[in-house]
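# Structural characterization, general
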Amino acid sequence: MKIVLNGELCEVQAMNLAEVLVERGLNSRVATAVNEEFVPSVMRAGHQLRDGDRVEVLSPMQGG
Amino acid sequence: MKPFYGTQLPSRMMLGTAQYPSPAVLAQAFRASKASVATVSLRRESGAGETFWRMIQDLGVLILPNTAGCHTVKEAVTTAHMAREVFDTNWIKLEVIGHADSLQPDVFQLVEAARILAADGFQVFPYTTEDLIVGEKLLDAGCEILMPWGAPIGSGLGLNNEYALRAMRAEFPDVPMVIDAGIGLPSHAAHAMELGFDAVLMNTAVAHAGDPVEMARAMAQAIEAGTKAHRADPIEARDMAEPSTPVIGKAFLT
């Protein structure tokens, strides 16, 4: 399945959001959103992905 | 000092974590500034998130995540939810930007986003303008703190509209208020304190100074001086001179 992960189109084997994070090595301290909707960490395993889904994976960064 | 959502801050300095020449300088600047709060953001994971997270933990200060770069209510609310999970805090510095060049807040969307977030248990620190009525609406929406700008973010212009900031301070004497953005010099920070504001939030003024650590130290001293000056009840400015040396008893020598 192809998804848009942090703005880049990529092919993943994973079927749900939790598996995508593991597959892409994004298993540190992150927050997730799918199609512009927040998905809390406890909901990731139950969140099935579909072809073309837009996934955002955000982490702590410098800010003012 | 007034508590910020029930938390007594050990200092009146809130400092941003962006744009320092190095992580080491950032850490030294934080120590020199005596900042009690660090602002942070969320960005796409690039592998650096965990390192940055550990570094800010080591600063030993409170964390205030922002919604920087958000232009709509939805974007800001979603970012706030993501920040709450990542940073494990209900505090959110709410920014909803309305103008690309001035980064002026879109106060209409700001109030709406603040209402949604406050109802959802967030403790909102709204980055707002010096508009009194917007301040009232934000308080009505559930904010217990106001953060009016001094001048546009990164401009270093100081307090552009002292009249309105004075009016705001007088209108909301019991509300913790922070001058957020526009500080460029220690004199600006002292100015904010002299007007009776409770804290200042800055980033560029320190991070982009030639010597960020020395500037952080200067800011801390200015905040301390301004706070003491406010407590000491300064004199009113006046247009005409008033001799300080007694006139009575002056010799007749002309």
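Now for a description of the structure that goes with this document. (Residues numbered from 1 in each chain as written. Chains lettered and ligands numbered in written order. Predicted model: local features only at pLDDT ≥ 70, side-chain atom pairs only at ≥ 80, totals over all residues. Heavy atoms only, no water.)

Another aspect to go through is the overall build of chain A. Across its full length, chain A carries 1 helix and 5 strands. Reading chain A from its N terminus to its C terminus gives the helix and strand order β-β-α-β-β-β. Against the 2.2 N^0.38 benchmark of 11 Å for 64 residues, chain A shows a C-alpha radius of gyration of 11 Å, consistent with a compact globule. Residues classed as buried in chain A amount to 42% of the 64 residues present. Pairs at least 24 residues apart make up 49% of the contacts formed inside chain A by residues separated by at least 6 positions. When the accessible surface of chain A is totalled, it reaches about 3300 Å², and 51% of it is carbon and sulfur. Taken together, the 6 basic and 9 acidic charged side chains of chain A have centroids lying 4 Å from each other. (Helix = DSSP H or I, 4+ residues; strand = E, 2+ residues; numbered from the N terminus. Rg over C-alpha atoms; globule rule 2.2 N^0.38 Å. Buried < 20%, exposed > 50% of the residue type's maximum accessible area, 1.4 Å probe, protein only. Contact = heavy atoms within 4.5 Å. Areas by Shrake-Rupley, 256 points an atom, 1.4 Å probe, with all protein chains shown as cover. Lys, Arg positive; Asp, Glu negative; His and termini not counted. Charge placed at Lys NZ, Arg CZ, Asp CG, Glu CD.)

What follows concerns the interface of chain A and chain B. Counting residues at the interface gives 24 residues for chain A, matched by 26 residues for chain B. Contact between chain A and chain B buries roughly 2300 Å² in total, counting both sides, with carbon and sulfur atoms accounting for 57%. On the chain A side of the contact with chain B, Arg 29, Met 61 and Gly 64 of chain A bury the most area, a combined 28% of that side's loss. Where chain A meets chain B, there are 3 salt bridges. Close ionic contact of Arg 44 of chain B with Glu 56 of chain A constitutes a salt bridge, the shortest N to O distance being 2.7 Å. Where chain A meets chain B, there are 18 residue pairs in polar contact (both at pLDDT 80 or more). Mapped onto the side of chain A that touches chain B, the elements with two or more residues apiece are strand E3 (31-34), strand E4 (37-39) and strand E5 (54-62) of chain A. Along the lines of polarity and charge, the residues of the side of chain A that touches chain B split into 10 nonpolar, 9 polar and 5 charged. (Buried area = accessible area lost by both parts, 1.4 Å probe. Salt bridge = Lys/Arg side-chain N within 4 Å of Asp/Glu carboxyl O. Polar contact = N/O pair within 3.5 Å; in protein donor to acceptor, adjacent residues only side chain to side chain. Nonpolar A, V, L, I, M, F, W, Y, C, P; charged D, E, K, R; others polar.)

Core analysis: the largest hydrophobic core is formed by 83 residues, its most contacted members being Val 200 and Met 202 of chain B. Broken down by element, the residue count for this core peaks at 8 residues, all from helix H3 (residues 73-87) of chain B. Those residues in contact with Met 202 of chain B, other than ones at most four positions away along the chain, are Met 13, Met 14, Leu 15, Gly 16, Ile 183, Ala 189 and Met 219 of chain B. With 15 residues, the next largest nonpolar core counts Leu 5, Val 12, Leu 17 and Val 30 of chain A among its residues. (Core = buried A, V, L, I, M, F, W, Y, C linked by side-chain atoms within 4.5 Å.)

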